[in-house]
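Secondary and tertiary structure notes
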Amino acid sequence: MELLRALGALAESAGQGTEAVTAALGLGAPDPADHTELFVLQLPPYASVYLGPDGMLGGDARDRIAGFWRATGATPPDEPDHLTTLLSAYASLADGEAAADGDPGWRRLRHAFFWEHLASWLVPWARRVAEVAPGAYRSWAGLLEDAVAREVERLGPPAGLPAHLREAAPAGTEAEGAGLLGAVLSPARSGLILARTDLARAAGSLGLGLRMGERRYILENFFHQAPEATAAWLAEEARRQADALERGRPVPLITEHWATRARSTADRLDGDRVPYPPLQEATHA
């Protein structure tokens, strides 16, 4: 369990104070600038971003995670969905199970927490981290995926798909372009995890102007400039991510679900009449 705590510590901070952790994990010293690039600008380490129906921080997904603490009689931490908090909490559940000398209640808590709030998103996210992360964080992502795989072996498969994923409506039911775009930017709905660097890659591939702003605003501009080409690029990217999930080590129910969602999203984007949202101007600091 100390490995999980150490991996979580590196998601929280980098630089001074983490040297012993990185040395123990066999990683080069992460650059604080790389930490900011990855965890602030590209792929924030918050479960709610990847499990919530709107693809945004907080909301119902964070409330559901906080509910786990309340159900056990504890007060939820300020950021219950942050990866550092989740890994530390899971390690504490494992320690509690060991101390309880086989009490099945602890195993049930540990099993439920792992599948609902960690395994439900960590492997798709870790694989994207390995693709876009600078420096030592690529190796960090591999260690994280290995740690998840070991817990899968220890705990056994889930009884069913985690509620976060089960209750997220798939992309493709929207009549309006704005609704479809929102679904594409919700990983739980689309199966697609888009980082800012992906959108820069799309701009270069399609020859489009890249305007600074939030991901939604960038995509709105892409659709405004070249709707059919943008939809085709997104469909290709969704299939690429699905292929990557299917080639890697499977996680029962989880990786198959994410890949299926991504392929379904690609099919929707391949439709002959994909509506696109009107361009809305935004101001930026």
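Here the structure is shown first, and the text comes after it.
First things first, this report covers the structure right here in the doc.

Rules used throughout
- Residues numbered from 1 in each chain as written.
- Predicted model: local features only at pLDDT ≥ 70, side-chain atom pairs only at ≥ 80, totals over all residues.
- Heavy atoms only, no water.
- Helix = DSSP H or I, 4+ residues; strand = E, 2+ residues; numbered from the N terminus.
- Rg over C-alpha atoms; globule rule 2.2 N^0.38 Å.
- Buried < 20%, exposed > 50% of the residue type's maximum accessible area, 1.4 Å probe, protein only.
- Areas by Shrake-Rupley, 256 points an atom, 1.4 Å probe, with all protein chains shown as cover.
- Lys, Arg positive; Asp, Glu negative; His and termini not counted.
- Charge placed at Lys NZ, Arg CZ, Asp CG, Glu CD.
- Expected span 1.5 Å × (residues − 1).
- Arc of directions from axis to C-beta.
- Axes fitted to C-alpha atoms, helices over the stretch in contact; angles between N-to-C directions.
- Parallel < 35°, antiparallel > 145°, perpendicular 65-115°, else oblique.
- Contact = heavy atoms within 4.5 Å.
- Nonpolar A, V, L, I, M, F, W, Y, C, P; charged D, E, K, R; others polar.
- Salt bridge = Lys/Arg side-chain N within 4 Å of Asp/Glu carboxyl O.
- Left-handed = near helix turned anticlockwise from the far one by under 90°.
- Phe/Tyr/Trp six-rings, centres within 6.5 Å; stacked < 30°, edge-to-face > 60°.

What follows is about the overall build of the chain. A tally of regular secondary structure across the chain gives 16 helices and 0 strands. Taken over C-alpha atoms, the radius of gyration comes to 19 Å for the chain, in line with the 19 Å a tight globule of 285 residues would show. Taken along its principal axes, the extent of the C-alpha atoms in the chain is 60 × 40 × 35 Å. With 285 residues in all, the chain has 50% of them scored as buried. Accessible surface computed for the chain: about 12,700 Å², of which carbon and sulfur atoms make up 52%. Counting 27 positive and 38 negative side-chain charges, the chain places the centres of these two groups 3 Å from one another.

What follows covers the environment of Leu25. Mapped onto the secondary structure, Leu25 falls in helix α2 (residues 19–25). When its relative accessible area of 17% is taken as the criterion, Leu25 is described as buried. With 115 residues separating them along the chain, Leu25 and Trp140 place their C-alpha atoms 8.4 Å apart.

On to helix α5 (residues 59–71). Here α5 is 13 residues long and its end C-alpha atoms lie 18 Å apart, about the 18 Å a rise of 1.5 Å per residue gives. Of the positions making up α5, those classed as buried are Ala61, Arg62, Ile65, Ala66, Phe68 and Trp69. End-on view of α5: buried residues confined to an arc of 135°, all on one side of the axis. Looking at α5, the residues exposed on the side facing more than 90 degrees away from the buried face are Asp60 and Ala71.

It is worth spelling out the packing of helix α14 (residues 215–225) against helix α15 (residues 227–247) at this point. Running from amino to carboxyl end, α14 crosses α15 at an angle of 130°, the nearest separation of the two axes being 5 Å. By the angle between their directions, the pair α14 and α15 is classed as oblique. Between α14 and α15, the residues in contact are Leu219, Phe222, Phe223, His224 and Gln225 and Pro227, Thr230, Ala231 and Leu234, respectively. Split by residue class, the contact of α14 with α15 holds 6 nonpolar, 3 polar and no charged.

For the rest of this paragraph, the subject is the pattern of salt bridges. Per the stated rule, a full pass over the model turns up 22 salt bridges. In this structure, Arg110 engages Glu97 in a salt bridge whose closest nitrogen and oxygen atoms are separated by 2.8 Å. Remark: Glu97 occurs in helix α6 (residues 83–99) and Arg110 occurs in helix α7 (residues 104–118); sequence separation between them is 13 residues. The pair Arg110 / Glu97 is uniform in exposure class, with both members buried. One connected set of salt bridges, linked through shared partners, spans Arg128, Glu131, Asp198, Arg201, Glu237 and Arg240.

What follows concerns the packing of α6 against α7. Axis angle and axis distance: for two packed helices, these are the angle between their axes and the distance between the axes, and together they describe the pair. Direction vectors running N to C along α6 and α7 enclose 160°, while the axes themselves pass 9 Å from each other. Considering the angle they form, α6 stands roughly antiparallel to α7. Helix-helix and strand crossings are classified by hand; for α6 and α7 the assignment is left-handed. Contacts between α6 and α7 pair Leu83, Leu86, Leu87, Ala89, Tyr90, Leu93, Ala94, Gly96 and Glu97 from the former with Trp106, Arg107, Leu109, Arg110, Phe113, Phe114, His117 and Leu118 from the latter. Residues of the contact of α6 with α7, tallied by class, amount to 12 nonpolar, 2 polar and 3 charged.

Scanning the model with the defined rule gives 12 aromatic pairs in all. When the ring of Tyr50 is compared with that of Trp125, the centres are 6.4 Å apart and the planes differ by 55°; the resulting orientation is tilted. Of this pair, Tyr50 sits in helix α4 (residues 47–51) while Trp125 sits in helix α8 (residues 122–132), placing them 75 residues apart in sequence. Judged by relative accessible area, which is 0%, Trp125 ranks as buried. With a centroid separation of 4.8 Å and 65° between ring planes, the pair formed by Phe68 and Phe113 is classed as edge-to-face. You can see Phe68 sitting in helix α5 and its partner Phe113 sitting in helix α7, a full 45 residues away along the chain. Both residues of the pair, Phe68 and Phe113, belong to the buried class.

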